[in-house]
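Topology and contacts: notes
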Amino acid sequence: MKAPVAVLRLPRGPDPNSRGFDPSSPRFIALCTTSISASTESETDTALLQKEQRTRSGMREMFLRCLISMANKKVQFHMYEKVNVEATFGASDIDVLNFQVSDLQTPIGVQKEALIRCQDVISYSFDV
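Residues numbered from 1 in each chain as written. Predicted model: local features only at pLDDT ≥ 70, side-chain atom pairs only at ≥ 80, totals over all residues. Heavy atoms only, no water.

**Let's talk about the sheet that holds strand S4 (residues 109-117)**
As a reminder, the rule being used: Only strands joined by at least two bridges in the DSSP assignment are considered to pair. Numbered from the N terminus, helices here are DSSP runs of H or I no shorter than four residues, and strands are runs of E no shorter than two. Between N-to-C directions, angles span 0 to 180 degrees; the directions come from axes that are lines fitted to C-alpha atoms, helices contributing only their stretch in contact.
Pairing in this open sheet of 5 strands is antiparallel, and the strands run S4-S3-S2-S1-S5 from one edge to the other. Edge strands, defined here as strands with exactly one partner in the open sheet, are S4 and strand S5 (121-126). Neighbour-to-neighbour, the strand axes of this sheet turn through a mean angle of 35 degrees, independent of strand direction. The pairing of strand S1 (residues 74-79) with S5 spans 5 bridges and is antiparallel. Opposite Phe-77, over in S5, you have Tyr-124 as the bridge partner.

**Examining the environment of Asn-72**
Inclusion rule: Relative accessibility under 20% of the residue-type maximum defines a buried residue, over 50% an exposed one, and the middle range a partly exposed one, all with a 1.4 Å probe and only protein chains included. What makes two residues a contact is simply this: any of their non-hydrogen atoms within 4.5 Å.
By the element assignment, Asn-72 lies in the loop between helix H2 (43-70) and S1. Given a relative accessible area of 57%, Asn-72 falls into the exposed group. A sequence separation of 16 residues divides Asn-72 from Thr-88, and the C-alpha atoms of the two residues are 5.7 Å apart. If we skip the residues at most four places from it in the chain, Asn-72 touches Thr-88 and Phe-89.

If you want it as structure tokens, here you go:
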């Protein structure tokens, strides 16, 4: 039997060919707000915007590498209401809204397969 492989998908762009994000789309405005106004076109603003984009890109890459390294490992999730659960990490959905886990150990029992909503998670930790 072949071993299952976790698949990590990057978000698709808003256009049909998925060639990138349209900065004027409602999704981009809602999810990717910048701290720098892009309405003015001075060189200072352009430089600050490029620096912010590089920083965000680096942070996104580190997060995706973290998700990849979590695959098939025991992960401790620290959630609201002081709930701590442990599970074997499987994958994340395309928008990183849910984590798919196996053998979820909760205070009331063990669930063979489950989805954990990311907005319920405060932090998570795992051994490298």
